[in-house]
Amino acid sequence: MTTYAAPLRDIEFVLNDLLDYNQLTGIERFAHADVAVVHDLLTEAGRFMGETIAPLNQSGDVQGSVRNADGSVTTPKGFAAAYSAYVQGGWGAVPFEPEFGGGGFPWIIGVALQEILCSANMAFSMAPLLTQGAIDAVEHQASAELKATYLPKMVSGEWTGTMNLTEPDAGSDVGAVRTRADKQADGTYKIKGTKIYITFGEHDMADNIVHLVLARTQGAPAGTRGISCFIVPKFLVNADGSLGERNDVSCVSIEHKMGIKASPTCVLEFGEKGGAIGYLLGEENRGMQTMFIMMNQARLSVGLEGLSLAERAYQQALAFAQERRQGRAPGAQGGGSSAIIEHPDVRRMLLTMKSTIEAMRRLHYWNALAIDLGRHHGDEAVRNHNNEVAALLTPLSKAWATDMSNELTGIAIQVHGGMGFIEETGVAQHYRDARITTIYEGTNGIQAMDLVGRKLPMRGGAAVRDHLGTIGALDPELAKHPELAQMRDELHKALTATSEATEWLLKHGSDGTALLSAATPYLKLLATVTAASLMARSALVALKQLAAGGGDEKFLRAKVTTARFFCEQLLPPTCGLLTSVTAGSTHLFDLDAQALNA
């Protein structure tokens, strides 16, 4: 099993050359986070996470986390020490506000660190990533007193955070939540109920766990309109900031999962002894607003998990293909067998992985850049535009990247042949770990519904039309480079298909069944053409640098090759999705339950 090396060259190419990171350093709050500082930060992150956290990935999968008889949970050997080193290094604090001990870096740099951390060890990474989402919610919604009490320790990583939405009878239908919150005379609430699928809901890596819990207050309206959000700490916090008595929350069990086995996915019981003490976050009956702050950030992070797992699987598949010898490749010289990397089909698999991973990285980092510009740019028009871009890209980042991760980690197993099916090689773990990413933080079907139901109608469809117009504006630049002629042609065809699909959906927007039936193929079509446009831009940047005589020629030529492969060989089949979109609900409901069982 190979070790993990952070792909720093491509990360920095995307940051600096493709997306022009310097537009963020021109904002006063980010002036300290210049290109040189970021380079050193990412280099050290790659070293630390590669040496300290990555080696625990396979062993953590084998050992798993264990619930003890007293309800405590023990994480795999080495996890607690590695997390302590992570906290001491200040890694989780990098993108958060200096007011609470953060480094004040842009979110896009936090995303780059997340990619490296998730590739090193996805199961481990879920503790700090859930904490980051909780920090964002507390920062936006909490009172000054609650912020002062919880944020410094959460930003430092000394305390971790969780998201408590799901209940046994309330999964994706959050409006069915039954957990109760009874207001007390002192302004606190007594929380009673059961929550399931709580990532790192109990563990031995941090001193305290800050649960964000959805619950209903007395007399609250039905459905999502009656949900409130509460901070429910594992240990209550004394007035001087020290930890007090244990709150009435316990881990009933941990799930036995297909993947991410080192991450304890807990069933939590609140209020077995009379009620867990909770503190209202924001206003009563506005809990969904608070939780969406967490979920929107978490959705980008889950998409990033897809990218990260694909990168880790690719590195392992590439190393295996260079070492494994089997058969004789066409044109092989001398005696003996060839390394399988010399066989055309293996090359196709590896290049499919590499080019798609690069496309995923470009999509996610653009999404993160739009979030930064939408929050912090001085020009309101620029903020509004980038907030719209971020809203549109988020379901694409989450759903397309995780779908591709399932596909690419599967290809990595195929490269290994029979050895890929053997757990000792470690490559099957990436495939098992990736499977959850299409499900949690809103299934990919829900992401598609969000795209056609909320994002497509923005400004009457003008937001998506403008997005497609931006892609179309690449055509004159591509026309200047004869070697990109086929790329230009395929991008034009795919863009035309996407535009037709968009207009069909806008025309049929009043037919909810047709709209939702077309949602998943439309998301794949829009995401793939968006990713292809970013690869095309990547090729243009590389060719410009080659023409200027700067940079590493071999590296830059590789950027052109991967962009051409993606656009010329992986993009064209997606044009066929137009038929799936415009078919609407045709055939989907032609068979009743009995016929489906026939």
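Residues numbered from 1 in each chain as written. Predicted model: local features only at pLDDT ≥ 70, side-chain atom pairs only at ≥ 80, totals over all residues. Heavy atoms only, no water.

### Remarks on the pairing of strand 9 (residues 243–246)
Stage number 1. When strand 8 (residues 235–237) meets strand 9, the two strands line up antiparallel, connected through two bridges. Directly across from Phe235, in strand 9, lies its bridge partner Arg246.
Stage number 2. Taking the residues that link successive antiparallel strands as the turn, the strand 8-strand 9 hairpin has five residues, and the phi of Gly241 there is positive, at about 90°. (Pairing = 2+ DSSP bridges. Helix = DSSP H or I, 4+ residues; strand = E, 2+ residues; numbered from the N terminus.)

### Considerations on the nonpolar core
In a soluble, globular protein the nonpolar side chains are often hidden away together inside.
Stage number 1. Met49, Ile108, Leu212, Trp400 and Tyr522 are the most contacted members of the largest nonpolar core, which totals 178 residues.
Stage number 2. In terms of residue count, the dominant contributor to this core is helix 18 (residues 519–548) (17 residues).
Stage number 3. With residues near it in sequence (within four places) discarded, Tyr522 still touches Leu451, Val452, Leu456, Val464, Thr498, Ala501, Thr502, Leu505 and Val581.
Stage number 4. With 16 residues, the next largest nonpolar core counts Val73, Ile191, Phe270 and Ala276 among its residues. (Core = buried A, V, L, I, M, F, W, Y, C linked by side-chain atoms within 4.5 Å. Buried < 20%, exposed > 50% of the residue type's maximum accessible area, 1.4 Å probe, protein only. Contact = heavy atoms within 4.5 Å.)

### What to know about unusual backbone geometry
Stage number 1. Despite not being glycine, Phe200 shows a phi value in the positive range, around 50°.
Stage number 2. Of note, Phe200 is situated in the loop between strand 5 (189–199) and strand 6 (208–217).
Stage number 3. Unlike most non-glycine residues, His587 shows phi in positive territory, near 75°.
Stage number 4. Its location among the elements puts His587 in the loop between helix 20 (577–582) and helix 21 (593–596).
Stage number 5. Here His587 falls in the exposed class, since its relative accessible area comes to 60%.

### Digging into the packing of aromatic side chains
Centre-to-centre distance and the angle between the planes together describe a pair of aromatic rings.
Stage number 1. If you walk through the whole model with that rule in mind, you get 10 aromatic pairs.
Stage number 2. Seen from their ring centres, Phe13 and Phe555 are 5.8 Å apart, and the 75° between their planes marks the pair as edge-to-face. Within this pair, whereas Phe13 is found in helix 1 (residues 8–18), its partner Phe555 is found in helix 19 (residues 553–570), the two being separated by 542 residues in sequence.
Stage number 3. Ring centres 5.9 Å apart and planes at 65° place the aromatic pair Phe96 and Trp107 in the edge-to-face group. With Phe96 in the loop between helix 5 (79–88) and helix 6 (107–120) and Trp107 in helix 6, this pair connects stretches of sequence that are 11 residues apart.
Stage number 4. Classification of Phe96 as buried rests on a relative accessible area of 5%.
Stage number 5. Members of the aromatic cluster, connected to one another through ring pairs, are Phe79, Tyr83, Tyr86 and Phe124.
Stage number 6. The ring centre of Phe235 lies 5.6 Å from the NZ or CZ of Arg246, which sits over that ring. (Phe/Tyr/Trp six-rings, centres within 6.5 Å; stacked < 30°, edge-to-face > 60°. Lys NZ or Arg CZ within 6 Å of the ring centre and 35° of its normal.)

### Let's talk about a nonpolar patch on the surface
Stage number 1. On the surface, Met419, Phe421 and Ile422 cluster together into a nonpolar patch covering about 340 Å² of accessible area.
Stage number 2. Given a relative accessible area of 41%, Met419 falls into the partly exposed group. (Patch = residues over 30% accessible without salt bridge, like charges linked within 9 Å, V, L, I, M, F, W, Y side chains within 5 Å. Areas by Shrake-Rupley, 256 points an atom, 1.4 Å probe, with all protein chains shown as cover. Salt bridge = Lys/Arg side-chain N within 4 Å of Asp/Glu carboxyl O.)

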